[in-house]
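Commentary on secondary and tertiary structure
Below, each chain spelled out in residue letters.
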Amino acid sequence: GGFRSLGGGFFGGGEMGGDVEAPEAAERPPLDDVQADTNRKASAGTLVACPDAIVAKILSHAPLRGRLLSRSVCHSWRASADEPSTWEHAHISGYTCSDQDAFIDGLTSLAHRSLHKTTTLSIPTIPAHKVEALLSVCVSVSHLHIVILEDENTHHSDYVISAISKASPPHLRHLKHALPPSLLDSDERYHRSSLRALARNCPNLRSLDFSLPSPSEVAVHRLVDALHHCPLLESLDVSNCSNVDDRILKPLRARSTPLSFINVRGTSLSPSGLESLRSITCSCAA
């Protein structure tokens, strides 16, 4: 199950098969067989003649499983499947395994092999130190999505955000993850918060998506503090962050340029706060 069936190992590992020579025919085959063999040779010739860059481009549109399985076709396809341009967009979040250590080892191997030019990366929740190690390899990531499943709690998110800030991806513009839980707001040392570190270490952030699959309370004070340190932010989604309220208005009013979009569905903004928010943002979903 999982990725172990893909080429003999997780994320397409395994040995390549050798070439097999066809035995000479004992007698002349029927005409239909000759024509079929000619067609097969023409098809094979076309694939062989196809430039590696084009094969890589075709594979980049294939599902994850298809890209991994293509490594077992032949040596040239394996090279194309490992080509970084094949992995410009890597959506791995929907693929998990009961053996998380093996999954992470496979993901790490794939990253070192092919993900250093990846711009869009979507992965399931993994230990924070593994996130930091992964981002130290995936240096071109501009859109990062670390999935929080509906049955997972958000306590781990503070460590993950801290790991992202430590890795400091230089091109990161869009982040989708969960905010730390509300219990962390009891610690008022916001200058040490993971969110402030993220805002300062990733200065190119344009979009923050903290939306949750179901209503949950988050660290609102830490969010408010971080918004003071994201001058280039254009889009903010805090839908289903149930205790987000009028406190977010202060840093948004202080901005020199208004947000292009904000989503506050499922929050606790008052009617007057919502009206004020609409006046200081270009587009508001509530």
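Quick caveat, the model's predicted, so the values are computed rather than measured.

How each quantity is defined
Residues numbered from 1 in each chain as written. Predicted model: local features only at pLDDT ≥ 70, side-chain atom pairs only at ≥ 80, totals over all residues. Heavy atoms only, no water. Helix = DSSP H or I, 4+ residues; strand = E, 2+ residues; numbered from the N terminus. Contact = heavy atoms within 4.5 Å. Areas by Shrake-Rupley, 256 points an atom, 1.4 Å probe, with all protein chains shown as cover. Expected span 1.5 Å × (residues − 1). Buried < 20%, exposed > 50% of the residue type's maximum accessible area, 1.4 Å probe, protein only. Salt bridge = Lys/Arg side-chain N within 4 Å of Asp/Glu carboxyl O. Core = buried A, V, L, I, M, F, W, Y, C linked by side-chain atoms within 4.5 Å. pLDDT = per-residue confidence, 0-100. 1 Å grid on protein atoms, 1.4 Å probe; cavity = no way out; pocket = protein on both sides within 12 Å on 5 of 7 lines; lining within 4 Å. Points joined across faces, edges and corners; volume = space filled by probe spheres on them. Nonpolar A, V, L, I, M, F, W, Y, C, P; charged D, E, K, R; others polar. Pairing = 2+ DSSP bridges. Right-handed = clockwise from strand over helix to strand, strands pointing away. Phe/Tyr/Trp six-rings, centres within 6.5 Å; stacked < 30°, edge-to-face > 60°. Lys NZ or Arg CZ within 6 Å of the ring centre and 35° of its normal.

1. A short note on the overall build of the chain
Tallying secondary structure elements over the chain gives 11 helices and eight strands in all. Once local pairs closer than 6 in sequence are excluded, the contacts in the chain between residues at least 24 apart make up 68%. Carbon and sulfur atoms make up 53% of the accessible area of the chain, which totals about 14900 Å².

2. Considering the environment of L134
Along the chain, the position of L134 falls in helix 6 (residues 128-137). Residues L134 and L107, spaced 27 residues apart in sequence, show a C-alpha to C-alpha distance of 8.4 Å. Those residues in contact with L134, other than ones at most four positions away along the chain, are L107, A111, L121 and I123.

3. Quick word on helix 5 (residues 100-114)
Taking 1.5 Å per residue as the helical rise, helix 5 with its 15 residues ought to reach 21 Å, and the 21 Å between its terminal C-alpha atoms agrees with that figure. Every buried residue of helix 5 is listed here: A102, F103, I104, G106, L107, L110, A111 and S114. Elements that come into contact with the buried residues of helix 5 comprise helix 4 (75-82), strand 2 (120-124) and helix 6.

4. Section: the pattern of salt bridges
All told, the structure shown has six salt bridges when counted by the stated rule. R206 serves as the salt-bridge partner of E234, at 3.9 Å between the closest nitrogen and oxygen. Within this pair, whereas E234 is found in the loop between helix 9 (220-227) and strand 6 (235-237), its partner R206 is found in the loop between helix 8 (194-201) and strand 5 (207-209), the two being separated by 28 residues in sequence. Between D245 and R247 there is a salt bridge; the shortest N-O distance is 2.8 Å. Relative accessible area serves as the criterion here: at 32%, R247 is assigned to the partly exposed category. Connected through salt bridges with shared partners, the residues R71, D82 and R113 form a single ionic network.

5. Focus: the nonpolar core
In terms of nonpolar packing, the biggest core is built from 62 residues, with L144, I164, L208, L236, V244 and I248 touching the most fellow members. Contact partners of I164, with chain neighbours within four places excluded, come to V131, L135, L144, I146, P169, L172, L175, L198 and C202.

6. Quick notes on the confidence of the model for the chain
In the predicted model, the chain carries a mean pLDDT of 82, and 77% of its residues have values of at least 70. Segment residues 1-9 is flagged for pLDDT under 50; beyond a separation of four residues in sequence, or across chains, it makes 23 contacts in the model. Note that residues 12-26 has pLDDT below 50 and, in this model, 17 contacts with residues that lie over four places away or in other chains.

7. Re empty space enclosed by the protein
In this structure the tally under the stated criterion is one cavity of 30 Å³ or more. Taken as a whole, the largest cavity encloses approximately 30 Å³ of empty space. Contributing to the lining of the largest cavity are L195, L198, A199, L205, L208, A226 and C230. In terms of residue count, the dominant contributor to the lining of the largest cavity is helix 8 (three residues). Looking at the lining of the largest cavity residue by residue, the classes come out as seven nonpolar, no polar and no charged.

8. Focus: the pairing of strand 2
Among the five residues that make up strand 2, five are buried, leaving the element largely enclosed by the rest of the structure. Residues of strand 2 alternate between two faces, with T120, S122 and P124 on one and L121 and I123 on the opposite face, all of them buried. The pairing of strand 1 (residues 89-91) with strand 2 spans three bridges and is classified as parallel. Counterpart to A90 in the pairing with strand 2 is L121. Bridge analysis of strand 2 against strand 3 (residues 143-147) gives five bridges, and the strand direction is parallel. Within the sheet, the bridge partner assigned to T120 lies in strand 3 and is H143. Chirality of the crossover, the property in question, places the unit of strand 2, helix 6 and strand 3 among those that are right-handed.

9. Focus on the packing of aromatic side chains
In total, this model carries zero aromatic pairs according to the counting rule given. Over the aromatic face of W87 sits the side chain of R67, whose NZ or CZ is 4.6 Å from the ring centroid.

10. A look at the sheet that holds strand 3
On the basis of which strands lie adjacent, the open sheet formed by eight strands has the order 1-2-3-4-5-6-7-8 and parallel pairing. In this open sheet, the two strands that pair with only one neighbour each are strand 1 and strand 8 (284-285). In this sheet, strand 8 lies alongside strand 7 (residues 261-263) in parallel orientation, the contact comprising two bridges. Residue N263 lies in a different strand from strand 8, and its bridge partner there is A285.

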